[in-house]
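One letter stands for each residue in the lines below.
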Amino acid sequence: MEHFDVSILVRGKLMFIYWLLFAFPAFFALIGQRRKLNNSNDMHSLHLDPLWLSMIVFMTLVIGTRNYIGGDWYAYLRMYRYVFEIQDSFGSDLVYLFGGDAGYLTLNWISAKLNGGIHGVNLLCGFIFSVGLALFCRNLPRPFLALAVATPYMVVVVSMGYSRQATAIGVIMIALVMLSRQRTGWFIFWTVAAALFHKSAVIMLPIVALAGSKNKFLSLFLIVTIGLTIYYTILAEPFELLYKNYIAAQDSQARGALVRVLMCVFPSLIYLTWPHRFAFKPHERPLWNLMCWISVALLLVLLVNSDISIAVDRVALYMLPIQLVIFSNVPDMLNDRKITSQFLVFAVVFYYFSVLFVWLNFADNAGDWVPYATYILDFSVETYEIID
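Along each chain, numbering runs from 1 in the same order as the chain's sequence is written. Predicted model: local features are reported for residues with pLDDT of at least 70 only, side-chain atom pairs are reported and counted for 80 or more only, and whole-chain, interface and lining totals are derived from all residues. Water and hydrogen atoms were dropped before computing side-chain values, which therefore reflect all heavy atoms in the structure.

Trainee: How would you explain the confidence of the model for the chain if you had to name every residue and give the values?
Mentor: When the pLDDT values of the chain are averaged, the result is 82; 78% of them are 70 or greater. Summary of the metric used: pLDDT quantifies the predictor's per-residue confidence within the range 0 to 100. Secondary structure follows DSSP: runs of H or I at least 4 residues long count as helices, runs of E at least 2 residues long count as strands, and numbering of each begins at the N terminus. Mean pLDDT across the secondary structure elements of the chain bottoms out at strand β2 (residues 384-386), with 34, and peaks at helix α7 (residues 117-138), with 97. Residue contacts follow a heavy-atom distance rule, with two residues in contact if any of their heavy atoms lie within 4.5 Å. Confidence drops under pLDDT 50 across residues 1-11; counting only partners more than four residues distant or on other chains, this segment forms 28 contacts. Taken as a whole, residues 234-252 scores under 50 in pLDDT and shows 28 contacts with residues more than four places along the chain or in a different chain.

Here you go:
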């Protein structure tokens, strides 16, 4: 008779969940074709059919039911416990509410009232992020390819590691969909809503304004506004946090930030080199142009001064949608030949397959995500006997 820890077997199998998240959209990307625009409005339909609704549910459950996954797990757990303790006076505690990210704190309060724990918070965040991502992908010519591109980093790393900013990014993607449909009022509304989950999301307002500006003086004003916005929403933190984040943890942050920025720079350079091959609408080009140049600029800033890698990393998170936009269009940038398009789809899928494989197996902080664990099947403590 020998003792066998079932957690090793179960957790090993659960690792496959990361690959399922990638495999589903990758499969449909490989067998799919470029979507046609609706004749009525010259746009792609945002309709979420049962397949996409299933993907939203699956992503929400994987993100929301994760257990002790992500580098900031304990920080979020402490935040939830604090909200749980003050839940009865939470509504009147305006200083606390607006001193942090009000939207995220409100989700904590809702979960505390329902006794949902930190997993309840994560389920709500996961749902918001998944809906935003799905709508953004549906707005693109190859939505499943865009979703496959998003999976290795945006879904696995960001949504399961940085809950507040991931939720903000999910809402920002809804805002960008509205902007692509020239609904500026709704773009502003959703961007402000995103800032309730992570205040850094407001950087999208001056960026979009700058993209649409043809006045040099206004552009200069907006550039200064962007700089001040980044400072007050990202850099202006208590001294203790500055020391911890910018000095004590600088080496590991700089390495990770460089890789993440490069992932945005690669598709940006593709677009900036052959912009005429991408079928963007005239009102969309200025935004994607600017976001591509910002990605390149972030790389240059990081190479010149790695001491601000965390700030660069945070800004780069809002450039992530450029990967989905560019690579969703890459298969059709050369010509309309089906063989060429399918080869490029395969190349993009293989590239992000490699990204996920390398990150899961070789990333410095992958141990915070690997192996995947869910509270639905928590065998982390119990030991079972196996009789030969």
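Alright, that's what it looks like, and here's the rest.
Trainee: Break down the pattern of salt bridges for me, citing the residues and quoting the values.
Mentor: Whenever Lys or Arg places a side-chain nitrogen within 4 Å of a carboxyl oxygen from Asp or Glu, that contact is recorded as a salt bridge. One pass over the structure, following the stated rule, counts 3 salt bridges. We note a salt bridge from R260 to D313, for which the minimum N-O separation is 2.9 Å. Of this pair, R260 sits in helix α14 (residues 250-273) while D313 sits in helix α16 (residues 309-317), placing them 53 residues apart in sequence. Residue burial is assigned from relative accessible area. The probe radius is 1.4 Å, only protein chains are included, and a residue is buried under 20% of its type maximum, exposed over 50%, and partly exposed in between. Since its relative accessible area comes to 12%, R260 is described here as buried. When its relative accessible area of 9% is taken as the criterion, D313 is described as buried.

Trainee: Tell me what's going on with the nonpolar core, and back it up with residues and numbers.
Mentor: With 116 residues, the main nonpolar core has L133 and L324 as its most contacted residues. Among the elements that take part in this core, helix α8 (residues 143-159) stands out by supplying 13 residues, more than any other. L324 has contacts with L133, F136, C137, L140, A146, V149, A150 and M154, leaving out every residue within four places of it along the chain. Here, the term nonpolar core denotes a set of buried Ala, Val, Leu, Ile, Met, Phe, Trp, Tyr and Cys residues that are joined through side-chain atoms within 4.5 Å.

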